[in-house]
Amino acid sequence: MTQQEFVNNNYKIKEPRLVARKFLAKPQHEGVGAVVRRSIGRFELKYFDPFLVLDEFSVTAPAGFPDHPHRGFETVTYMLQGAVTHEDFEGHKGTIEAGDLQWMTAGRGIVHSEMPASQGTQKGLQLWINLASQNKMVEPRYQEILSKDIAEAMKDGVKVRVIAGEALGTKSPIYTRTPTMYLDFILKPGSHLQQPIPKSWNAFVYVLEGEGIFGNQKSQPISSHHILLLGYGDGLEAWNKSSKQLRFILVGGEPLGEPVVQFGPFVMNTQEEIDQTIDDFENYANGFEKARHWRSQSALSLDY
Ligand code: FJE
Ligand code: FE
């Protein structure tokens, strides 16, 4: 498909992508007292190039994700319920609430905390997107978008929030170093979606609410907490044949095709680079300088 056809709202899908693999994301413990449903990044699905982790998280104070580092990838946090406060070693601090988004390029290094900002249970999605070797050591960067500023479009019972990329003729302002699309769809009962996806990209669906039929109209309905890896084709077709609304995210990205060596929150291309990263972190060097004297306010007040 040409860029023009892709931008055009009227692109007709010729080769719908079918569901190649399906997993139910079961709850597991992460951080300190937090619960995540991990779909990508678990044992059976270590990596779905360029995606390293997809967590549907649930945190209630005092649980959270206290002071920890990242290098070599991006984290994308999309709030579904409640609010999370993040603080980093550069003094960057902010709270994202339901519907808000933080797109963080960790690049050469970030040390931060991500903690609940209010009472009750905070829920959201965190996606880790790998960076190409030439981008792994870029300066850290944040792109934060409030819910009211996320572009939305609606057509024939289909509503989309365009977090990254483009859908129904509406474009996101987010800059993605690794070419990525991230769309939050709500389908009313009886509605049908056709969404183009570049053929060479990897793409998946993660169901948040209701039941949907994906890929082939005759396939079985799929419910929340399931991830669907899509096979080859030029787009996604989905149907809501139930009596309740269906909500899911569709995420796609251009595969990097590079070797991945991961050690927890550090993701590089070689073991040598991982050894160097551990060395940098331990010696407060090459991007981790400010970690030497920093502790988050949340860590100080909770005495972690
Ligand atoms: C991390 C364990 C972790 N999923 N979802 C090890 F839990 C984390 C981590 C998160 C995280 C944070 C939020 Cl706000 C949401 C998450 C894992 O912080 F980075 C490592 N290395
Ligand atoms: Fe983090």
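Because the structure is predicted, anything quoted here is derived from the model rather than measured.

On to the site of ligand 1, then. Neighbouring ligand 1 are Glu30, Gly31, Arg38, Asp55, Phe57, Phe65, His68, His70, Glu114, Gln126, Trp128 and Pro265. Between ligand 1 and the protein, one listed contact pairs a nitrogen atom with a side-chain N or O atom of Asp55 at 2.7 Å. The contact in question runs from an oxygen atom of ligand 1 to an N or O atom on the side chain of His68, over 3.1 Å. Compared with its free state, where it exposes 450 Å², ligand 1 has 89% of that area covered by protein. For the shell around ligand 1, the elements supplying multiple residues, two or more each, are strand 4 (51–60), strand 5 (65–70) and strand 11 (121–130). Considering every element that reaches the shell around ligand 1, the biggest residue donor is strand 5, with three residues. A breakdown of the residues in the shell around ligand 1 according to their chemical character gives four nonpolar, four polar and four charged.

For helix 2 (residues 271–282), built from 12 residues, the straight-helix expectation of 16 Å at 1.5 Å per residue is met to within 8% by its first-to-last C-alpha distance of 17 Å. Taken from the residues just after helix 2, Tyr284 is the one with a positive phi, measuring 55°.

As recorded in UniProt, the sites labelled "domain: Pirin C-terminal" (unreviewed entry) are residues 182–285. Regarding residues 182–285, the helix share stands at 12% and the strand share at 43%, and the terminal C-alpha atoms are separated by 34 Å.

Okay, the pairing of strand 11 next. Of all 10 residues in strand 11, eight are buried; the element is thus mostly enclosed. Sheet topology places strand 4 next to strand 11; nine bridges connect them, and they run antiparallel. The partner of Thr60 across the bridge, within strand 11, is Thr121. One ladder, built from eight bridges, connects strand 6 (residues 73–81) with strand 11; its direction is antiparallel. Each residue of the ladder has a partner; that of Val76, found in strand 11, is Leu127.

Attention shifts here to the coordination of the iron ion (ligand 2). His68 (NE2), His70 (NE2), His112 (NE2) and Glu114 (OE) make up the full set of protein donors to the iron ion (ligand 2), lying at 2.1 to 2.3 Å. Note that the iron ion (ligand 2) binds four donor atoms; their angles at the metal cover 83 to 178°, and the shape is irregular. Of note, the iron ion (ligand 2) draws all its donor residues from one chain, in the sequence arrangement H-x1-H-x41-H-x1-E.

UniProt records the feature "binding site: Fe cation" (unreviewed entry) at His68, His70, His112 and Glu114, using the numbering of this structure. Taken along the chain, the residues just named run across 47 residues; in space they keep tight, none of their C-alpha pairs more than 12.5 Å apart. By the secondary structure assignment, His68 is in strand 5. Relative accessible area serves as the criterion here: at 18%, His68 is assigned to the buried category. His68 has contacts with Ile110, Val111, His112 and Glu114, leaving out every residue within four places of it along the chain. Its place among the elements puts His112 in strand 10 (residues 110–116).

Attention now goes to the pairing of strand 10. Taken across its seven residues, strand 10 has seven buried, putting it largely inside the fold. Of the pairings in the sheet, the one linking strand 7 (residues 83–88) to strand 10 comprises five bridges and is antiparallel in character. Note on strand 10: the bridge partner recorded for Glu87 is Ser113.

Calculation rules
- Residues numbered from 1 in each chain as written.
- Chains lettered and ligands numbered in written order.
- Predicted model: local features only at pLDDT ≥ 70, side-chain atom pairs only at ≥ 80, totals over all residues.
- Heavy atoms only, no water.
- Near = heavy atom within 4 Å.
- Polar contact = N/O pair within 3.5 Å; in protein donor to acceptor, adjacent residues only side chain to side chain.
- Areas by Shrake-Rupley, 256 points an atom, 1.4 Å probe, with all protein chains shown as cover.
- Helix = DSSP H or I, 4+ residues; strand = E, 2+ residues; numbered from the N terminus.
- Nonpolar A, V, L, I, M, F, W, Y, C, P; charged D, E, K, R; others polar.
- Expected span 1.5 Å × (residues − 1).
- UniProt positions renumbered as here; feature names shortened; annotations may be inferred.
- Buried < 20%, exposed > 50% of the residue type's maximum accessible area, 1.4 Å probe, protein only.
- Pairing = 2+ DSSP bridges.
- Donors = N, O, S within 2.8 Å, 3.2 Å for Na, K, Ca; no water.
- Tetrahedral: all angles 85-135°; square planar, octahedral: opposite > 155°, others 65-115°.
- Contact = heavy atoms within 4.5 Å.

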